[in-house]
Amino acid sequence: MNLTGGIAWHWLAWRSKARWAPTSHAIEQWLLLNAQAFKPVEVQGQPSLLLIGASAGWMMSSQWLKQFARVDAYDIDPLAAVLFKWRHVAALKAAGTELHCHTRDALQDLPSLLSSHPKACVFFDNVLGQLRFQNLATDWPLVERRLKQFKVLLKGREWGSIHDRMSGPTTNPIEHISDLPVRHADWHDQKWLAQLDAQSPWLDHLTNAIFPAGLAVQDFAWNFSPNYRHWLQAGWVRP
Ligand SMILES: C[S@@+](CC[C@H](N)C(=O)[O-])C[C@H]1O[C@@H](n2cnc3c(N)ncnc32)[C@H](O)[C@@H]1O
């Protein structure tokens, strides 16, 4: 059973489009800003992307994907490919971006994907924070060890991730159209959690050591439902 995707995710994402839009927009701005700051590694003169945990790309920006000449999207969910194409193929086609959707366990198969696409960038799209819900669920140190392994596998590669850092209930209901909390650079985690209106205890998604030490990360609030928020963290690693 897919606890982090599948029909339940598609239904929720479709229904929550308006509620999640400010977060999707903030992620898009971050991705586009990153795109200006880095030049994706060229594959035969063309930048290429492996997008992992793509689902239907409910929170993914076509604008950002369009800068790549080729996008390979991966998800274990058999519905993902058709829905991803439905949402993104027109924009990508208009921009001349080749799109290939695959139904595959891209985390398990990452070593072979990397060797088949030796110069592609990799982006983990809100998938690494879900590892704790999968078959390793009760062995948290094992989940953390596995998550730390990704940066080792990806050494020398251009890659990024956005993932859940923590999530949980809020002390007050979140207004449907409310401003997203924004983290100031000098805030420690407790102050940020207070800003998120977090009602303790929040769930730790075990993702705090995914990126190489010292990497500048970006934090996002995600108003998941009227009384549940996620703290998303994103980073982009250059070789
Ligand atoms: C929270 S959803 C994020 C979806 C997507 N990024 C979006 O914006 O709609 C996590 C996705 O990761 C997928 N996933 C989980 N484990 C995976 C794996 N090992 N390989 C590929 N996809 C996986 C799930 O099926 C699910 O669609």
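Residue positions within a chain follow its written sequence, with the count starting from 1. pLDDT decides what is reported in this predicted model: residues at 70 or higher carry local features, side-chain atom pairs at 80 or more are listed and counted, and totals for whole chains, interfaces and linings draw on all residues regardless. Heavy atoms throughout the structure, all of them, feed into the side-chain values; hydrogens and water do not.

1. A word on helix α1 (residues 6-15)
Residue pairs spaced three or four apart in an α-helix point in one direction, given the helix's 3.6 residues per turn.
Alright, step 1. Here α1 has its buried residues at G6, W9, H10 and A13. The buried residues of α1 occupy an angular sector of 100° when projected down its axis, which confines them to one face. Of the exposed residues in α1, those oriented more than 90 degrees away from the buried face are I7, A8 and R15. In this scheme, a residue with accessible area under 20% of its type's maximum is buried, one over 50% is exposed, and one in between is partly exposed, where area comes from a 1.4 Å probe on protein chains only. Under the scheme used here, helices are H or I runs from DSSP no shorter than 4 residues and strands are E runs no shorter than 2 residues, and both carry numbers assigned from the N terminus. Arc definition: directions from the helix axis to the C-beta atoms.

2. Notes on the pattern of salt bridges
Alright, step 1. Here, a salt bridge means any side-chain nitrogen of Lys or Arg that lies within 4 Å of a carboxyl oxygen of Asp or Glu. Under the criterion given, the structure shown has 6 salt bridges.
Alright, step 2. Overlapping salt bridges, with partners in common, bring together R70, D72 and E98 in one network.

3. Here we look at unusual backbone geometry
Alright, step 1. Cis geometry marks the peptide bond from S200 to P201; its omega dihedral reads 0°.
Alright, step 2. Structurally, P201 is set in the loop between α7 (189-195) and β7 (203-204).
Alright, step 3. Phi is positive for N126, which is not a glycine, with a value near 60°.
Alright, step 4. For N126, the position within the fold is in the loop between β5 (121-125) and α6 (140-153).
Alright, step 5. The backbone of L206 shows a phi angle near 65°, a positive value even though the residue is not glycine.
Alright, step 6. Its place among the elements puts L206 in the loop between β7 and β8 (218-225).

4. Some words on the packing of aromatic side chains
Alright, step 1. Only the six-membered ring of Trp is used, alongside the rings of Phe and Tyr, when aromatic pairs are assigned; centres must lie within 6.5 Å, and planes under 30 degrees apart are stacked while those over 60 apart are edge-to-face, with the rest tilted. Taken as a whole and judged by the stated rule, the model has 16 aromatic pairs.
Alright, step 2. An angle of 25° between the planes, with centres 6.0 Å apart, marks the rings of F123 and W236 as stacked. Here F123 is found in strand β5, whereas its partner W236 is found in strand β9 (residues 228-237), with 113 residues between them in sequence.
Alright, step 3. On the basis of relative accessible area, W236 is assigned to the buried category, the value being 4%.
Alright, step 4. When the ring of F224 is compared with that of Y228, the centres are 6.3 Å apart and the planes differ by 65°; the resulting orientation is edge-to-face.
Alright, step 5. Among the residues examined, Y228 registers a relative accessible area of 27% and is labelled partly exposed.
Alright, step 6. The structure contains a cluster of three or more aromatic residues connected by ring pairs, namely W9, W20, W222, F224 and Y228.
Alright, step 7. Think of it as a cone above the ring: NZ of Lys or CZ of Arg counts as a charge over the ring if it is within 6 Å of the ring centre and within 35 degrees of the ring normal. The ring of W231 has R165 sitting right over it, with the charged end atom 5.1 Å from the ring centre.

5. Things to note about the nonpolar core
Alright, step 1. Core analysis: the biggest nonpolar cluster contains 32 residues, and L49, L51, W64, L65, F84 and F123 have the highest contact counts within it.
Alright, step 2. For this core, the element with the highest residue contribution is helix α2 (residues 17-37), accounting for 4 residues.
Alright, step 3. Note on contacts: a residue pair qualifies if any of its non-hydrogen atoms lie within 4.5 Å across the two residues. Among all residues touching F123, those that are not within four sequence positions of it are W30, L31, L49, L50, L51, I52, M60, W64, G160, S161, I162 and W236.
Alright, step 4. With 23 residues, the next largest nonpolar core counts L110, A120, W159 and I210 among its residues. What makes a nonpolar core is a set of buried Ala, Val, Leu, Ile, Met, Phe, Trp, Tyr and Cys residues whose side-chain atoms join them at distances within 4.5 Å.

6. What to know about the pairing of strand β6 (residues 159-169)
Alright, step 1. Counted residue by residue, β6 has 10 buried out of 11 residues, so it is predominantly covered.
Alright, step 2. As judged from the 4 bridges shared by β5 and β6, these two strands associate in the parallel manner. Within β6, the position partnered with V122 by the bridge is W159.
Alright, step 3. Criterion used throughout: strands pair if DSSP finds at least two bridges between them. Pairing of β6 with β9 involves 10 bridges; the strand directions are antiparallel.

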